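# A look at the structure
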Amino acid sequence: MDNMDRAIWWIRRDLRLADNQALIKAISQAREVVPLFILDPKLINSRNQSEKRIAFLYLGLKKLDADLRKLGSRLVIRRGDALETLSKMINDFQISGIFAEADFSPYARTRDARVAAVLPMTLVGSTGLRHPTTVVKDDGSAYTVYTPYLRAWKKQGSPSRWELLPRPERIVSLKDIESEPFPESKYAGDEMHFQPGEEDANLRLDRFIEIKRGRILNYGDLRNRMDIDGTSGLSPYLRFGMVSARQVIVAANEAIQLASAPEEESSAATWLNELVWREFYISILFHFPEVAKQSFRPELRGIQWTDDPEGFDAWKRGATGYPAVDAGMRQLRATGWMHNRARMITASFLVKDLLIDWRLGEAYFMQQLIDGDPAENNGGWQWTAGTGTDAAPYFRIFNPTLQGKKFDPQGAYIRRWVPELDSVPGEYIYQPWLMTPGLQTKTGCIIGKTYPDPIVDHNQQRQLALAMYGRR
């Protein structure tokens, strides 16, 4: 493509200046670049949208604008249909090209196909490390099992730090182009667990992989502990591209190489493998977009799920009577985030204890999660439900009591998010219904009054779940 006078850098899920292939391509091809974000009503007003996720996005846009102004540019905000908005801007400002990072959700692919059919748009890079079409079997078909995908993914190699693109020193932009005011949300930021922006993303990454001190050194042992801050906490930033997949994968590989002990190397390698799960689920949604609406495994599409509005409501409120489940759900409602182990526990409880359709849980998570991502959320739910690619067997059913004991061994996570149980002795924290009436009175935790009875019997529901899946 010949050099042009003006181009749009269409920002979608790449709210960053460093290692941004679409931005660098736009700068290399045009004398003036317009950084544009389109507030698409179909996405902003979706029934599966999360208020906290929208707040995180809006605050992130303000941070990006501030960073752009330091480079002599600014962020332009427009509201409306993407094709109509881009067409008008091209006509109004004599723009010759549009550059954007590729996105692979069904909605994004349909939207981008509409735009590319009539406007000069170039998709550059990816929300993952690689385009989903590049990690496939020899016959061109997609991998549907993680371990072979992981081997093929690693066989292609990973980028080095020297391949990461630096942030531009200056961006020349139009000065007189109009922008809508930055949208506001009900959350100002202080009450959110994560502070948006590229700077905060890089601070989290640097702390996590810090030599001799970073949490990555013990990630393999602590990542499943709900009571410990043992994960990277980067998922919201990856969701909106405030840090690139290439940046975190480079960091993971460097941590592996710099490890000073076998257990440290193993922990760093475990984190890298978890990052590849993200790549795998992006690939699955790309190659099998139908998984967004139905089970990946055809033989499990006929399951007769239970219609239980009261149980579903109790699950959403964190009032099931199972402390590990309730703690996770309350953390989700309060912060818009949930520990990954808690996500598995709560998802298993909905599907295999309450026998409720996994798609209802998937939608509710998307309505709450700051890091809610169509590919990862769907992949995680189908894995737990046993309905997806590379899924846990349907007969793998988490025992919420045993999971709490194993991954919250002192009950600290439960006590934090379920304060009714704060005075309950450790031996009863996972099964408070076993306390005697006298002990309930003494602790102030009255089962059935201040804290609910278990809404189902796990052992009975386990047998019902096995039978339900068996009748599929």
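Everything that follows concerns the structure shown earlier in this document.
Computed from a prediction, not measured in an experiment: that's the story for all the values here. (Residues numbered from 1 in each chain as written. Predicted model: local features only at pLDDT ≥ 70, side-chain atom pairs only at ≥ 80, totals over all residues. Heavy atoms only, no water.)

### Some thoughts on unusual backbone geometry
- Of note in this structure, Asp19 is not a glycine but carries a positive phi near 45°.
- Position of Asp19 among the secondary structure elements: in the loop between β1 (4–11) and α1 (21–29).
- With a relative accessible area of 2%, Asp19 lands in the buried category. (Helix = DSSP H or I, 4+ residues; strand = E, 2+ residues; numbered from the N terminus. Buried < 20%, exposed > 50% of the residue type's maximum accessible area, 1.4 Å probe, protein only.)

### What about the packing of helix α7 (residues 198–209) against helix α10 (residues 245–258)?
- Close contact between α7 and α10 brings their axes to 11 Å; oriented N to C, the two are set at 15°. Taken as axis vectors, α7 and α10 run roughly parallel relative to one another. Along this stretch, α7 crosses α10, giving a crossing that reads as right-handed. Mapping the contact onto sequence places Asn202, Leu205 and Ile209 in α7 and Gln247, Val248 and Ala251 in α10.
- Grouping the amino acids of the contact of α7 with α10 by side-chain chemistry returns four nonpolar, two polar and no charged. (Axes fitted to C-alpha atoms, helices over the stretch in contact; angles between N-to-C directions. Parallel < 35°, antiparallel > 145°, perpendicular 65-115°, else oblique. Left-handed = near helix turned anticlockwise from the far one by under 90°. Contact = heavy atoms within 4.5 Å. Nonpolar A, V, L, I, M, F, W, Y, C, P; charged D, E, K, R; others polar.)

### Things to note about the pairing of strand β4 (residues 97–101)
- Counted residue by residue, β4 has five buried out of five residues, so it is predominantly covered.
- Residues Gly97, Phe99 and Glu101 point to one face of β4 and Ile98 and Ala100 to the other, with burial holding for every one of them.
- Sheet analysis places β4 next to strand β5 (residues 121–124), joined by four bridges and oriented parallel. Among the inter-strand pairings, Phe99 is bridged to a residue of β5, identified as Thr122.
- Crossover β4 to β5 through helix α5 (residues 106–118) is right-handed. (Pairing = 2+ DSSP bridges. Right-handed = clockwise from strand over helix to strand, strands pointing away.)

### A closer look at the sheet that holds strand β3 (residues 76–79)
- The parallel open sheet is built from five strands, whose spatial order is β3-β2-β1-β4-β5. Looking at which strands have only one partner, the edges of the open sheet turn out to be β3 and β5. Mean inter-strand twist for the sheet, computed between neighbouring axes without regard to direction, equals 30°.
- Across four bridges, the pairing between β1 and β4 is parallel. Considered in β4, the bridge of Trp9 is made with Phe99.
- Against the sheet, helix α3 (residues 51–69) contacts β1, β2 (30–39) and β3, and its axis sits at roughly 165° relative to β2.

### Comments concerning the packing of aromatic side chains
- Applying the stated criterion across every chain yields a total of 23 aromatic pairs.
- A ring pair is formed by Trp277 and Phe280, whose centres lie 5.8 Å apart and whose planes are at 75°; its orientation type is edge-to-face. In this pair, Trp277 and Phe280 both sit in helix α11 (residues 262–287), three residues apart, roughly one turn of the helix.
- Site record: aromatic cluster; members linked through ring pairs are Tyr143, Tyr146, Tyr149, Trp277, Phe280 and Tyr281.
- Between Arg12 and the ring centre of Trp10, over which it is positioned, the NZ or CZ distance is 4.3 Å.
- Stacked on the ring of Trp153, the Lys or Arg Arg130 has its end atom at 4.9 Å from the ring centre. (Phe/Tyr/Trp six-rings, centres within 6.5 Å; stacked < 30°, edge-to-face > 60°. Lys NZ or Arg CZ within 6 Å of the ring centre and 35° of its normal.)

### Things to note about the nonpolar core
- Core analysis: the biggest nonpolar cluster contains 126 residues, and Trp9, Leu57, Val248, Trp271, Trp315 and Phe365 have the highest contact counts within it.
- Here this core takes twelve residues from α11, the largest share from any one element.
- Those residues in contact with Trp271 that lie beyond four places of it in its chain are Leu205, Phe208, Ile209, Ile216, Tyr219, Ser232, Leu234, Val248, Ala251 and Ala252.
- One finds Trp10, Ile38, Ile90 and Ala100 within the second-largest nonpolar core, a separate group that totals 20 residues. (Core = buried A, V, L, I, M, F, W, Y, C linked by side-chain atoms within 4.5 Å.)

### As for the pattern of salt bridges
- Per the stated rule, a full pass over the model turns up 24 salt bridges.
- One salt bridge connects Arg223 with Glu274, and the closest N-O pair in it is separated by 3.3 Å. Highlighted residues: Arg223 in the loop between α8 (219–222) and α9 (235–239) and Glu274 in helix α11, separated in sequence by 51 residues.
- Each member of the salt-bridge network shares a partner with another, and the members are Arg12, Arg111 and Asp112. (Salt bridge = Lys/Arg side-chain N within 4 Å of Asp/Glu carboxyl O.)

### Quick notes on the environment of Lys405
- One can find Lys405 in helix α17 (residues 400–407).
- Relative accessible area serves as the criterion here: at 38%, Lys405 is assigned to the partly exposed category.

### Description of helix α4 (residues 82–93)
- With twelve residues, α4 should reach 16 Å at 1.5 Å per residue; the first-to-last C-alpha distance of 16 Å fits that figure.
- Those residues of α4 that fall on the buried side of the exposure criterion are Ala82, Leu83, Thr85, Leu86, Met89, Ile90 and Phe93. Viewed along the axis of α4, the buried residues span an arc of 165°, placing them on a single side of the element. Seen from the open side of α4, the exposed residues pointing more than 90 degrees away from its buried face are Glu84 and Asn91.
- Next to the buried residues of α4 lie β1, β2, β3, β4 and α5. (Expected span 1.5 Å × (residues − 1). Arc of directions from axis to C-beta.)

### Some points on the packing of helix α14 (residues 340–353) against helix α20 (residues 458–470)
- Relative to each other, α14 and α20 sit at 70°, their axes nearing to 9 Å. Between α14 and α20, the angle is such that the two are roughly perpendicular. Between α14, through Val351, Lys352 and Asp353, and α20, the contact on the second element is made entirely by His458, Gln461, Arg462, Ala465, Met468 and Tyr469.
- Each residue belonging to the contact of α14 with α20 can be placed in one class, and the counts come to four nonpolar, two polar and three charged.

### Some thoughts on the side chain of Arg415
- Looking at the element boundaries, Arg415 is found in helix α18 (residues 412–417).
- Of the side chains with opposite charge, Asp422 lies nearest to the buried Arg415, which makes no salt bridge, at 5.0 Å.
- Within polar-contact distance, the side chain of Arg415 engages the backbone oxygen of Asp422 at 2.9 Å.
- When sequence neighbours within four positions are dropped, the list of residues in contact with Arg415 reads Gln410, Leu421, Asp422, Ser423, Val424, Pro425, Gly426 and Ile429. (Lys, Arg positive; Asp, Glu negative; His and termini not counted. Polar contact = N/O pair within 3.5 Å; in protein donor to acceptor, adjacent residues only side chain to side chain.)

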